[in-house]
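A look at the structure
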Amino acid sequence: MRDDAGLVSGTLDLLVLRSLAWGPQHGFGVARWIQSSSADAILVEDRSLYLALHRLEERHFVESEWGLSENKRRARFYQLTMSGRQELQARSTRWARYAEAVARILQSSTPPVASHA
């Protein structure tokens, strides 16, 4: 199992935005969704998760309010704003293009062109 230290820069923010596309969620729920959706390949540490949530809140991509969790504990719930939904769409498109390009490179059977300086 890996943790979030191996994530490409900006990827955690995208994953958090995606997890909130389903509706408001508290931090533990976000981390649990990322873990289960990745088949346990991505485990997000609390510190990284809350730094990402606060960063996204500062950029007005998410907003939060206090509520009660499933076990009746007080928890902060985060939800996407309209600009957060737009940001999710833009980042998802960029990520898909990036992932396709990396996949093409990894599947390439053409060797690099040699250059001599």
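The paragraphs below set out a description of the structure included in this document. (Residues numbered from 1 in each chain as written. Predicted model: local features only at pLDDT ≥ 70, side-chain atom pairs only at ≥ 80, totals over all residues. Heavy atoms only, no water.)

A few words now on the overall build of the protein. From N to C terminus, the protein includes 4 helices and 5 strands. Listing each helix as α and each strand as β along the protein from the N terminus yields β-α-β-α-β-α-β-β-α. Against the globule reference of 13 Å for 117 residues, the protein gives a C-alpha radius of gyration of 17 Å, more extended than a compact globule. For the protein, the spread of C-alpha atoms along the principal axes amounts to about 65 × 30 × 25 Å. Expressed as a percentage of the 117 residues in the protein, the buried residues total 31%. Taking the contacts inside the protein whose residues are at least 6 apart along the sequence as the reference set, 54% of them involve residues at least 24 apart. Counting every atom, the protein has about 8200 Å² of accessible surface; 55% of that belongs to carbon and sulfur. (Helix = DSSP H or I, 4+ residues; strand = E, 2+ residues; numbered from the N terminus. Rg over C-alpha atoms; globule rule 2.2 N^0.38 Å. Buried < 20%, exposed > 50% of the residue type's maximum accessible area, 1.4 Å probe, protein only. Contact = heavy atoms within 4.5 Å. Areas by Shrake-Rupley, 256 points an atom, 1.4 Å probe, with all protein chains shown as cover.)

Before going further, it helps to examine unusual backbone geometry. In this model, Asp40 sits at a positive phi of 65°, which is unusual for a non-glycine residue. Among the secondary structure elements, Asp40 is positioned in the loop between α2 (27-37) and β3 (42-43). In this model, His60 sits at a positive phi of 65°, which is unusual for a non-glycine residue. Secondary-structure assignment places His60 in the loop between α3 (46-58) and β4 (62-68). For His60, a relative accessible area of 57% gives the class exposed.

We now examine the pattern of salt bridges. On inspection of all chains with the given rule, the structure shows 4 salt bridges. For Arg59, the salt bridge goes to Asp13, with nearest N and O atoms at 3.9 Å. Of this pair, Arg59 sits in the loop between α3 and β4 while Asp13 sits in helix α1 (residues 11-20), placing them 46 residues apart in sequence. The exposure class assigned to Arg59 is partly exposed, which follows from its relative accessible area of 44%. The closest approach of N and O atoms between Asp13 and Arg91, which form a salt bridge, is 3.8 Å. Of this pair, Asp13 sits in helix α1 while Arg91 sits in helix α4 (residues 82-107); the two residues are 78 residues apart in sequence, bridging distant segments of the chain. (Salt bridge = Lys/Arg side-chain N within 4 Å of Asp/Glu carboxyl O.)

This part covers the packing of aromatic side chains. The final tally for this structure, using the stated rule, is 1 aromatic pair. Geometrically, the ring pair formed by Trp95 and Tyr98 is tilted, given 5.4 Å between the ring centres and 40° between the ring planes. Remark: Tyr98 and Trp95 occur in helix α4; sequence separation between them is 3 residues, near one turn of the helix. Overall, the relative accessible area of 34% leaves Trp95 in the partly exposed class. Assessed through its relative accessible area of 45%, Tyr98 is described here as partly exposed. Between the NZ or CZ atom of Arg74 and the centre of the ring of Trp66, over which it lies, the distance is 4.1 Å. (Phe/Tyr/Trp six-rings, centres within 6.5 Å; stacked < 30°, edge-to-face > 60°. Lys NZ or Arg CZ within 6 Å of the ring centre and 35° of its normal.)

Here the focus is the environment of Asp13. With a relative accessible area of 5%, Asp13 lands in the buried category. Separated by 81 residues in sequence, Asp13 and Arg94 have C-alpha atoms that sit 13 Å apart.

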